[in-house]
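# Observations on the three-dimensional arrangement
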Amino acid sequence: MSPSNYKNPLTSKPLFEQVCIIGLGLIGASLAQAIKNNSLSKRLVAVDRHQPSIEAAIEQGLLDAGADALSQVVSGSDLIVIAIPVQAAEAVFTDIKAAMQNGQISNDCIITDVCSTKVNIIAAAKQVFTDLPNGITNGLPNGLVPAHPIAGGENSGYHARRSDLFINHRVIICPLASTEDRALRKVRALWESVGASVISMEAQHHDSVLAHTSHLPHLLAYNLVDQLASHDDNLNMFRYAAGGFRDFTRIAASDPKMWHDIFFANQSAIIDALDEYSDYLQNIRQLIIDKDSTALMGLLGRAQAARRHFGHMLASTPYTDTSAMSASYIISPNTNNAINGTITIPGDKSISHRSIMFGSLAEGVTHVTGFLEGEDALATLQAFRDMGVTIEGPDNGKLTIHGVGMHGLKPSKTPIYMGNSGTSMRLLAGILAAQEFDSVLTGDTSLNKRPMERIAAPLREMGAVIQSTGTSGTSPLSITGREKVGKPLQGIDYDMPVASAQIKSCLLLAGLWAEGTTSVTQPEVSRDHTERMLSAFGYEVSVEGNRISVEGGGKLTAGDIAVPADISSAAFFMVAAAISQGSELTLTQVGINPTRTGVIDILKLMQADITLTNKTYVGEEPVADITIRSSNLVGIKIPESLVPLAIDEFPVLFIAAACAKGRTTLTGAKELRVKESDRIAVMADGLQTLGIDCTVTEDGLIIEGQGTHNQPTKVIGSQTHNDEPVFSGGHITSHHDHRIAMSFAVASLRASEQIVIEGVETVNTSFPGFAELANEVGMSIEVDKGDANNEAGDKA
Ligand code: S3P
């Protein structure tokens, strides 16, 4: 599409009688074009000293009138947009005031601007508008709405205009006490109608943010080029300056006059930013002089991670907010869907989280291999970086963690962001409840709906001061540091109402700093990675049946951790092979910790063909190669004792049940309702969409399996198949839940029609590369990335 033809499909009724744009540079002319294309004003006029621009704009039908002086065209305008350099604002306001005084425009005409600094624009308006009787409050016009579109381009001037310049860009508006609502609403509507999203900010804050994020980088770029240009052998310097120099200084090619004006216009905020920068420069200089490798790696690693983290935030990818989702899996029915091969599944999520936590709190350096580079574990990693821990990597699953000891964490400067990860939030809450400093823990929309009182209540019994500030006991969590509380946590003896490894781990972790003994008794066995890792790091843990205890006041000693493949991720492939005829799949060195192997036990009860070979240990954790062949599954009543041992695998087990012959009944699984989604309701919905008869109960699900066991055998190539479709096609949404998305991808192996699964970005929380690996062994998942990757733009 030609940019200048962009037309917002949503708009149409003019917002204004006449818009007058002062300044037909890139921004002014682009806004004029966007106003014209979207019919946002009945008339459009402009003022510019550059006569050829005005002439061209009139000739091309963009303007109804134009001139080099405001008084010649402004009559009857109800919106004036100031799009000239900041320094000229006072003169323009003087002209606008004169137009008000001589009745060309009314005193409540809306006035807005597009300038890069806001405090000085407001100051200039104050200088001018002191003595108009009507439409003036506190010396400022009621219609004045300072604004700043964060959009720009390499080229400048009228001819570089683009009506799509503002689409998907932000506009910051800085409402004043004097600004009337009607003016605010109309300026907001204007920007939204040309495709921008509008946010409000106080003017001083705007200038400070822009000083740091835009003005300082430009200043540094100009300065560095000048530094090199001033060297005696500057030619050689430039000759050998490589990509880094070019990337860093690209922005020094912009208009010097504009930047000269901005640096003065935003003088005090830029000086503050520059002073702060000088302190940081001195700090890194000293680290290099001191050869302080850990601190330097810490700084560089933190910066690299922060950059990635901010990228997530800007792009609204799942790490920040799973409500912004648009990627889908499109899976066509596949006639040759045997699942074959030998593959390695990514690292265990639970153990990856704990490797960061224990490595950070230990004394010494911990090396981790096999770390899961998924969103959830990365959230834990980022949290510890935010608390001052130096962590190198991840680099192909390898991490080096420079432990800070039990008392070495530092307060994070911002709320700690846990993304979608319940494990991160609940375990960290235990650690943070015991720290000297205050903390705030928050997550994405899905995490902020999950129950947190289950950990907050027992932590309070230990003396923690913790507030769940969301509605109904949900995060954000505000935790008050021990320094303010005045005494350490106290050990308790806690009977857990549910078998949850997260609650158990949270309390045991808090217990490491508590006075006395902390004991937790679980109603059933839940995963025991925390207990195993505590032992591996030299911390004594007592396990008597279902009661686990630690004494506070000990220390952790760094040790290397090899993270085994995640059995929860392996489960998708186990079911995929089990339900597709002609399959034989081997998953290498998967964790088979007995507190996690419920999925194998349940599938075996359903008569799946599973064998475990090459059994060994990686660190504290047992592993084995798992081979699974297709078989005729049967429906079963799932023993309740297996529920906590397969808690994450039920979504895909429901798919297996639908393909089995006869009924499968799950009871005692209420916990499934408070996972990343209500997995009972959401799976039942999806199964019904795909034509499966199932009944939701309070604590489980009854599924009528569609397997027949006497299907005709078909021969494709050298393989025999008798996999009649079980599911119809349809549209499924993931409900921000990675395991829902992957489970229905597996269902597609037995579907008669196309299955489309929406919201699959969330798969990255636990299984980056799932679709690629699935396709490697015989599935055919097409990933439609949607428009989730739009980057925000940048401008002065
Ligand atoms: C986990 C424990 C489980 C599990 C989650 C990871 C852990 O939650 O569902 O994915 O790492 O401790 P609950 O312990 O709350 O059941």
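Only a predicted model underlies this, so the values are computations on that prediction, with no experimental measurement involved.

### Details of the overall build of the protein
- If you tally the helices and strands in the protein, you get 25 helices and 36 strands.
- Intrachain contacts of the protein at a sequence separation of at least 6 include 77% that bridge at least 24 residues.
- About 31,900 Å² of surface is accessible on the protein, with carbon and sulfur atoms providing 50% of the total.
- Of the charged side chains in the protein, 60 are positive and 87 negative; the average position of the first set lies 2 Å away from that of the second.

### Concerning the packing of aromatic side chains
- As enumerated under the stated definition, the model contains 10 aromatic pairs in all.
- Pairing Y329 with F770 gives two aromatic rings, centres 6.2 Å apart and planes at 35 degrees, and the pair type is tilted. Placement of the pair is Y329 in strand β12 (residues 328-331) and F770 in helix α25 (residues 770-776), with a sequence separation of 441 residues.
- Y329 gets classed as buried once you look at its relative accessible area, which sits at 4%.
- The class of F770 is buried, set by a relative accessible area of 2%.

### Structural notes on the domain arrangement of the protein
- According to the domain assignment, the protein contains domain 1 (3-201), domain 2 (210-291), domain 3 (328-344 + 564-784) and domain 4 (349-562).
- Its C-alpha centre places domain 2 at a distance of 41 Å from the equivalent point of domain 4.

### Some details on the packing of helix α13 (residues 349-361) against helix α14 (residues 375-386)
- Contact geometry of α13 with α14 gives a least axis separation of 9 Å together with a crossing angle of 10 degrees. Judged on the interaxial angle alone, α14 and α13 are roughly parallel. Across the interface between the two elements, K349, S352, H353, I356, M357 and S360 from α13 touch D376, A377, T380, L381 and F384 from α14.

### What about the site of the ligand?
- Taken together, K349, S350, R354, T423, S500, A501, Q502, R527, I647, D648 and K675 make up the full set of residues near the ligand.
- Between R354 and the ligand, the recorded distance is 2.7 Å, taken from a side-chain N or O atom to an oxygen atom.
- Notes on the ligand: free accessible area 380 Å², of which the protein chains cover 96%.
- Listing elements by their share of the shell around the ligand, those giving two or more residues are α13 and α18 (501-511).
- A per-element tally of the shell around the ligand places α13 first, with three residues.
- A breakdown of the residues in the shell around the ligand according to their chemical character gives two nonpolar, four polar and five charged.
- Two domains each donate at least three residues to the shell around the ligand, and these are domain 3 (328-344 + 564-784) and domain 4 (349-562).

### Brief notes about a negative patch on the surface
- Together, D272, D275, E276 and D279 make up a negatively charged patch on the protein surface.
- Tracing the sequence through the fold places D272 in helix α11 (residues 267-289).

### Brief notes about helix α7 (residues 203-229)
- The terminal C-alpha atoms of α7, which comprises 27 residues, lie 36 Å apart, in line with the 39 Å expected from a rise of 1.5 Å per residue.
- At A211, α7 is deflected by roughly 50 degrees, the largest bend along its length.

### Considerations on the sheet that holds strand β26 (residues 584-591)
- Strand order in this open sheet of four strands is β13-β26-β28-β27, and the pairing throughout is mixed. Two strands close off the open sheet at either side, each with one partner strand: β13 (340-343) and β27 (609-618). Taken over all neighbouring pairs, the strand axes of this sheet differ in orientation by 15 degrees on average, direction set aside.
- Docked against the sheet, helix α20 (residues 567-579) engages β13, β26, β27 and β28 (621-629), running at close to 165 degrees with respect to β26.

### Re the side chain of R426
- Looking at where R426 falls in the secondary structure, it is placed in helix α15 (residues 422-433).
- Despite its burial, R426 pairs with no opposite charge; the closest candidate is E671, at 6.7 Å N-O.
- At 2.4 Å, the side chain of R426 and the side chain of Q502 are in polar contact.
- Residues in contact with R426, not counting those within four places in the same chain, are R450, P451, M452, R454, I455, Q502 and C506.

### Quick look at the sheet that holds β12
- Strand order in the open sheet formed by four strands is β34-β35-β12-β36, with mixed pairing between adjacent strands. In the strand order of this sheet, the two ends are held by β34 (730-733) and β36 (781-784), each with one partner. Across the sheet, the axes of successive neighbouring strands diverge by a mean angle of 20 degrees, strand direction being ignored.
- Together, β12, β34, β35 (755-758) and β36 form the strand contacts of helix α24 (residues 738-747), whose direction differs from that of β35 by roughly 175 degrees.

### Quick notes on α24
- For α24, the buried fraction is high: 10 of the 10 residues fall into the buried class.
- If you check which residues of α24 are buried, you get H738, R739, I740, A741, M742, S743, F744, A745, V746 and A747.
- Here α24 starts with a cap whose side-chain oxygen sits 3.0 Å from the backbone nitrogen of R739, and that cap is D737.

### Some thoughts on the nonpolar core
- F573, L687, F727 and F770 are the most contacted members of the largest nonpolar core, which totals 88 residues.
- Of all the elements, α20 adds the most residues to this core, at 11 residues.
- Ignoring anything within four residues of it in the chain, the contact list for F573 reads I343, I345, L585, L587, I628, F767, F770, L773, A774 and V777.
- With 66 residues, the next largest nonpolar core counts I351, M387, I479 and A510 among its residues.

### Observations concerning the pattern of salt bridges
- Throughout the structure, instances matching the rule amount to 27 salt bridges.
- When the shortest N-O distance is used, the salt bridge between E453 and R460 registers 3.0 Å.
- Between R454 and E671 there is a salt bridge, with the nearest N and O atoms lying 2.8 Å from each other. Highlighted residues: R454 in helix α16 (residues 453-461) and E671 in the loop between β29 (661-666) and α23 (679-689), separated in sequence by 217 residues. Neither R454 nor E671 differs from the other in exposure class; each is buried.
- Look at the salt bridges and you will find they share partners, linking R450, R527, D648, E676, R679, D737 and R739 into a network.

What counts as what
Residues numbered from 1 in each chain as written. Predicted model: local features only at pLDDT ≥ 70, side-chain atom pairs only at ≥ 80, totals over all residues. Heavy atoms only, no water. Helix = DSSP H or I, 4+ residues; strand = E, 2+ residues; numbered from the N terminus. Contact = heavy atoms within 4.5 Å. Areas by Shrake-Rupley, 256 points an atom, 1.4 Å probe, with all protein chains shown as cover. Lys, Arg positive; Asp, Glu negative; His and termini not counted. Charge placed at Lys NZ, Arg CZ, Asp CG, Glu CD. Phe/Tyr/Trp six-rings, centres within 6.5 Å; stacked < 30°, edge-to-face > 60°. Buried < 20%, exposed > 50% of the residue type's maximum accessible area, 1.4 Å probe, protein only. Domains from an automatic or database assignment. Axes fitted to C-alpha atoms, helices over the stretch in contact; angles between N-to-C directions. Parallel < 35°, antiparallel > 145°, perpendicular 65-115°, else oblique. Near = heavy atom within 4 Å. Polar contact = N/O pair within 3.5 Å; in protein donor to acceptor, adjacent residues only side chain to side chain. Nonpolar A, V, L, I, M, F, W, Y, C, P; charged D, E, K, R; others polar. Patch = residues over 30% accessible without salt bridge, like charges linked within 9 Å, V, L, I, M, F, W, Y side chains within 5 Å. Salt bridge = Lys/Arg side-chain N within 4 Å of Asp/Glu carboxyl O. Expected span 1.5 Å × (residues − 1). Bend = angle between axes of the 7 residues up to and from the residue. Pairing = 2+ DSSP bridges. Core = buried A, V, L, I, M, F, W, Y, C linked by side-chain atoms within 4.5 Å.

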